Amino acid sequence: MKNTILTLLLCFILLLAGCTSPDQVSEWDPNGVIIEAEFVNDFTLTTSENTPWTFSEEAQNTTVVVAFLFTNCIDICPIVTHNMKWVQSQLTSEERNSTTFLTVTVDPWRDNVSTLHEWKTGTNSNWTHLTVNSSEDNAPAMTTMNAVWTNFGVGLQIEENQTNTTARHHPDDYSVNHSTGTVLIDRYGDQRVWWGDNDWVLDLFLEDLRYLIDS
């Protein structure tokens, strides 16, 4: 009788386990800010080497680290770039092969191919840097860039003569004010974690990245 009860109890436990989804069994609580249900829409931009770069092709089946910066930034952007370099240096060879690092400009009017290339080499940031091949307002490349900013929730304004104007056009004399973060994307193309530019904790960021690499 006792053995029968134990057998029935075991079957009941197995039945419950079979009815529980993997998400319910293991809920991940990242160190950064969790992003809910935001898929990366495919896009093609231009690299600092003046070649086309398409997300679905180049980042396929990798975990992606993407930061939104600009070369005229003298405070937080160099720090974020340094942070990304440190994180990249901590990865094993196998982990690096499973990871794509990206920098996307938020100032394509200044950050043309040559300017972005100078930034990349000057900061020794050995990963893909993306801009547009034309910064004219009606250019298809700018339409794509605007869509990318929107997809990643980039808050962007241009400051002109002490008057804020919504970005998507630009004056001759301006500065960029942006509220962005670094986003971690899993290998399925889902945005998973957001780290504010001023909120980096290197070890915790690396922990989040490694979780996604291993998932």
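All of these numbers come straight from a predicted model, not from anything done at the bench. (Residues numbered from 1 in each chain as written. Predicted model: local features only at pLDDT ≥ 70, side-chain atom pairs only at ≥ 80, totals over all residues. Heavy atoms only, no water.)

**Details of the packing of aromatic side chains**
Stage number 1. Tallied over the full model, the rule gives 9 aromatic pairs.
Stage number 2. Measuring from centroid to centroid gives 4.2 Å for Trp28 and Tyr211, while their planes differ by 10 degrees, and the two rings are stacked. Taken together, the residues Trp28 in the loop between helix H2 (22–25) and strand E1 (33–39) and Tyr211 in helix H8 (residues 202–214) connect sequence positions 183 residues apart.
Stage number 3. Look at Tyr211 and you get partly exposed, because its relative accessible area is 33%.
Stage number 4. For the pair Trp53 and Phe55, a centre-to-centre distance of 6.3 Å together with 65 degrees between the ring planes defines the contact as edge-to-face.
Stage number 5. Take Trp53: its relative accessible area is 5%, and that puts it in the buried class.
Stage number 6. Its relative accessible area of 9% is what places Phe55 among the buried residues.
Stage number 7. Through pairs of rings, three or more aromatic residues link up here, namely Phe43, Trp53 and Phe55. (Phe/Tyr/Trp six-rings, centres within 6.5 Å; stacked < 30°, edge-to-face > 60°. Helix = DSSP H or I, 4+ residues; strand = E, 2+ residues; numbered from the N terminus. Buried < 20%, exposed > 50% of the residue type's maximum accessible area, 1.4 Å probe, protein only.)

**Looking at the nonpolar core**
Stage number 1. Counting residues in each nonpolar core, the largest one holds 49 residues, and the members touching the most others are Val66, Phe68 and Phe152.
Stage number 2. Apart from residues no more than four positions distant in its own chain, Phe152 is found in contact with Val40, Val66, Phe68, Val183, Ile185 and Gln191. (Core = buried A, V, L, I, M, F, W, Y, C linked by side-chain atoms within 4.5 Å. Contact = heavy atoms within 4.5 Å.)

**Some remarks on the sheet that holds strand E10 (residues 181–185)**
Stage number 1. With mixed pairing, 8 strands are arranged side by side in an open sheet as E1-E11-E10-E4-E5-E6-E2-E3. Of all the strands in the sheet, the pair left with one neighbour each is E1 and strand E3 (52–54). Direction aside, the axes of adjacent strands within the sheet are offset by 35 degrees on average.
Stage number 2. Along the sheet, helix H6 (residues 113–123) makes contact with strand E2 (44–47) and strand E6 (128–131), crossing E6 at roughly 155 degrees. (Pairing = 2+ DSSP bridges. Axes fitted to C-alpha atoms, helices over the stretch in contact; angles between N-to-C directions.)

**A look at the confidence of the model for the protein chain**
Stage number 1. Put simply, the protein chain has an average pLDDT of 84, and 77% of its residues get 70 or more.
Stage number 2. Note that residues 2–25 has pLDDT below 50 and, in this model, 2 contacts with residues that lie over four places away or in other chains.
Stage number 3. Residue range residues 164–172 is modelled with pLDDT below 50. Its contacts to residues more than four positions away, or to other chains, number 22 contacts. (pLDDT = per-residue confidence, 0-100.)

**Concerning the pattern of salt bridges**
Two side chains bearing opposite charge may form a pair once their charged atoms approach each other closely.
Stage number 1. Scanning the entire structure with this criterion turns up 4 salt bridges.
Stage number 2. Put simply, Lys120 and Glu49 hold a salt bridge, and the shortest N to O gap is 3.4 Å. A residue pair is termed long-range when its members are at least 10 positions apart, and Lys120 in helix H6 and Glu49 in the loop between E2 and E3 qualify at 71 residues. (Salt bridge = Lys/Arg side-chain N within 4 Å of Asp/Glu carboxyl O.)

**A few points about the pairing of strand E4 (residues 63–69)**
Stage number 1. Among the 7 residues in E4, 7 count as buried, and that is most of the element.
Stage number 2. The side-chain alternation of E4 yields two buried faces, one formed by Thr63, Val65, Ala67 and Leu69 and the other by Val64, Val66 and Phe68.
Stage number 3. Bridge count for E4 against strand E5 (residues 99–105) is 7 bridges, and the pairing is parallel. By the bridge assignment, Leu69 is partnered in E5 with Thr105.
Stage number 4. Across 3 bridges, the pairing between E4 and E10 is antiparallel. Its bridge partner being in E10, Val64 is matched across the sheet by Ile185.

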